Amino acid sequence: MQTSEVLSFLETLYTPLVSDAMDKLGIKDRVLDRSIQSMFFDPHLKVAGVAYPCRVIPTNEYVEIDTLLEMVDSILQDSIVLVAADADIDAALWGGMMSSRSKARGARGAVVNGGVRDIEQIANISFPVFGAYRSVKDIRTRGFMAEYNTKINIGGVEVSPGDIIFADINGVISIPADEIDRVTGSLTEALDHENRTMSGLGRGESAKDLYSVYKAF
């Protein structure tokens, strides 16, 4: 599949299905920590994109946001921007202006391992953001963006530029770039088996009998 096709396909699915399929393929530990969740409760939210990872370093000094501004002006089409602080800075790693610029650049969403602020402004432009908590505080004197479009560790998962990120109301999962074909190849059958099982359960069929056929539950 082309990347655009992969993203569209993933957005018809849900993260638990993808996680289960990856487990069966032996691709383990690709789900970001459970603390990283959507900032807005929408059970129908699904967003997939190409990882654009950034690194923040904690500090007690004032560091101007020049690199952060360079980053948002360099965001790639169809990306999901990931911002990972080396340690929690008790402040916002993401906000409304970053969301506005990212959306204008063609980004599909953002994922951070810390705070998010400007929740109302982000909601007004319908930009999906996933984070660990809400925070009023500015990043200055607490952290600074050191590099972007670089390998990071976020939520206990190592993410490289070009990996595929898929997020929904359940959480966030990262698919390594070199495993995309293998994962997507297994998902069509996995989805079919889940759908057949759900339909059977809805008709009152035995869970045990359905599992013996489809191995999905």
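It should be emphasised that the depicted structure is a prediction, and the values quoted were computed from it without experimental measurement. (Residues numbered from 1 in each chain as written. Predicted model: local features only at pLDDT ≥ 70, side-chain atom pairs only at ≥ 80, totals over all residues. Heavy atoms only, no water.)

K.L.:
Where do I start with unusual backbone geometry in this structure?
P.N.:
Trans is the prevailing form of peptide bonds, just as negative phi is the prevailing case for residues other than glycine. Although it is not a glycine, Asp78 adopts a positive phi angle of roughly 65°. Within the element layout of this structure, Asp78 appears in the loop between α3 (66-72) and β3 (79-85). One non-glycine residue with positive phi stands out, namely Thr141, at about 70°. When you line up the elements, Thr141 lands in the loop between β8 (133-134) and β9 (143-148). (Helix = DSSP H or I, 4+ residues; strand = E, 2+ residues; numbered from the N terminus.)

K.L.:
Where do I start with the layout of surface pockets in this structure?
P.N.:
By rolling a water-sized probe across the atoms, one finds the places where empty space is left. Approximately 350 Å³ is the volume attributed to the largest pocket. What lines the largest pocket is a set of 17 residues, among which Ile65, Leu68, Met97, Met98 and Arg117 lie closest to the centre. Elements supplying a minimum of two residues to the lining of the largest pocket: α3, β4 (92-94) and α4 (96-104). Looking at the lining of the largest pocket, the element that brings in the most residues is α4, giving four residues. Residues that form the lining of the largest pocket fall into these classes: ten nonpolar, two polar and five charged. In this structure, the second largest pocket occupies an estimated 300 Å³ of space. Asp20, Ala21, Lys24, Ala190 and Lys215 are the residues nearest the centre of the second largest pocket, which is lined by 14 residues in total. Among the elements of the structure, α2 (15-24) and α6 (180-202) are those that each provide at least two residues to the lining of the second largest pocket. Among the elements that make up the lining of the second largest pocket, the one with the highest residue count is α6 (five residues). Grouping the amino acids of the lining of the second largest pocket by side-chain chemistry returns seven nonpolar, two polar and five charged. (1 Å grid on protein atoms, 1.4 Å probe; cavity = no way out; pocket = protein on both sides within 12 Å on 5 of 7 lines; lining within 4 Å. Points joined across faces, edges and corners; volume = space filled by probe spheres on them. Nonpolar A, V, L, I, M, F, W, Y, C, P; charged D, E, K, R; others polar.)

K.L.:
Could you clarify how one ought to interpret the sheet that holds strand β6 (residues 115-116) in this entry?
P.N.:
Each strand in a sheet pairs with another by means of backbone hydrogen bonds, the pair being arranged parallel or else antiparallel. Spatial ordering of the open sheet is given by β4-β6-β8, a layout of three strands whose pairing is parallel. Every interior strand has two partners, whereas the edge strands, β4 and β8, have only one. As paired strands, β4 and β6 are joined by two bridges and run parallel to one another. By the bridge assignment, Ala92 is partnered in β6 with Gly115. (Pairing = 2+ DSSP bridges.)

K.L.:
Would you take a moment to explain the pairing of strand β2 (residues 46-58) for this structure?
P.N.:
On any regular strand, side chains alternate: one points to one face of the sheet, the next to the other face. Inspection of the sheet shows β2 paired to strand β12 (residues 164-168) by five bridges, in the antiparallel sense. Looking at β12, one finds that Gly49 is bridged to Ile165. Strand direction decides the pairing type here: β2 and β3, joined by seven bridges, are parallel. Paired with Pro53 across the strands is Leu82, a residue of β3. With α3 bridging β2 and the parallel β3, this β-α-β connection has right-handed handedness. Pairing of β2 with β9 involves five bridges; the strand directions are antiparallel. (Right-handed = clockwise from strand over helix to strand, strands pointing away.)

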